[in-house]
Amino acid sequence: GKELFDLAFLNEGSALATVGAPGGAVPNGVRAMSAVQGAVGVWDFLQPHHQALVASMSFPGDERGARSVLFSPRYQSLYVGAKSGDLCVFDLRMMKLRKQAVRAHEGNIRTMALHPTERILVTGSSDGGIKIWNVPEMKVAHDWKNVHSRHIFVGSSNGIFSHPVSTLSVMNVKFASHNELYTCGADGHVHRVELS
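Each value, and the rule that gives it
Residues numbered from 1 in each chain as written. Predicted model: local features only at pLDDT ≥ 70, side-chain atom pairs only at ≥ 80, totals over all residues. Heavy atoms only, no water. Buried < 20%, exposed > 50% of the residue type's maximum accessible area, 1.4 Å probe, protein only. Helix = DSSP H or I, 4+ residues; strand = E, 2+ residues; numbered from the N terminus. Pairing = 2+ DSSP bridges. Axes fitted to C-alpha atoms, helices over the stretch in contact; angles between N-to-C directions.

*Asks:* Describe the pairing of strand β10 (residues 120-125), and please don't skip the residues or the numbers.
*Replies:* In terms of burial, β10 is largely enclosed, as five of its six residues are buried. Connecting strand β9 (residues 109-114) to the antiparallel partner β10 that follows it, the hairpin turn spans five residues, and E118 within it adopts a positive phi of roughly 65 degrees. The sheet contact formed by β10 and strand β11 (residues 130-134) spans five bridges and is antiparallel. Paired with I120 across the two strands is N134, which belongs to β11. Hairpin geometry of β10 and β11 is characterised by an intervening segment of four residues between the two adjacent antiparallel strands and by a positive phi of about 90 degrees at G128.

*Asks:* Would you mind going over the sheet that holds strand β2 (residues 15-20) in detail, with residue names and values included?
*Replies:* With antiparallel pairing, four strands are arranged side by side in an open sheet as β1-β2-β3-β4. Here the strands that pair on one side only, and so sit at the sheet edges, are β1 (4-10) and β4 (53-57). Pairs of neighbouring strands in the sheet enclose a mean axial angle of 20 degrees, with direction left out of account.

*Asks:* Residue-level account of unusual backbone geometry, with values.
*Replies:* Of note, the amide linkage connecting V135 to P136 takes the cis form, showing an omega dihedral of 5 degrees. Along the chain, P136 falls in the loop between β11 and β12 (139-144). A positive phi angle, near 55 degrees, is found at M95, a position not held by glycine. Structurally, M95 can be placed in the loop between β7 (87-91) and β8 (96-101). On the basis of relative accessibility, which here comes to 34%, the residue M95 falls in the partly exposed class. Its identity as a non-glycine residue notwithstanding, M138 has a phi of 60 degrees, on the positive side. Mapping M138 onto the fold places it in the loop between β11 and β12. Taking relative accessible area as the criterion, M138 reaches 10% and is therefore assigned buried.

Here it is, written out as structure tokens:
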């Protein structure tokens, strides 16, 4: 099977969402009749194994797959960060794509955090940038570029890294409180951001 990159539990129950490559893997122990066809799978583990996959959703340009997923109980929505840099919002009541921000980031959206009020979404990307989005409008409120700087790996001429390899990536974003956000990146730094 193909890779799964992230999961989110839905409504503190037996359901969860997974993201990865289209036609992706089935979670271990689940013998579904078919693998996920789109980049997003919704699973209910109270169902018999062969019926656990209850929805498979896709979005235009999902052939590269998705990297991150986050669930909003307030809006009954899934926020999906694509490898293409797109940000997608799926309505779980209708099981369909509600909104898509094409090229929301230059790199793949590796991580997301939802504010405790669920009115703010933060995305972090492999391009090193962080964006703050107003929810549910999905309008960018703040855009910080290169929050985490480029890190270059240089290896031996006969090793894995025969040419310099660089990373520029936000690895994680987390809310510590209603007005405090932390980020960490491939550059080895942690940043604290105060929101007003």
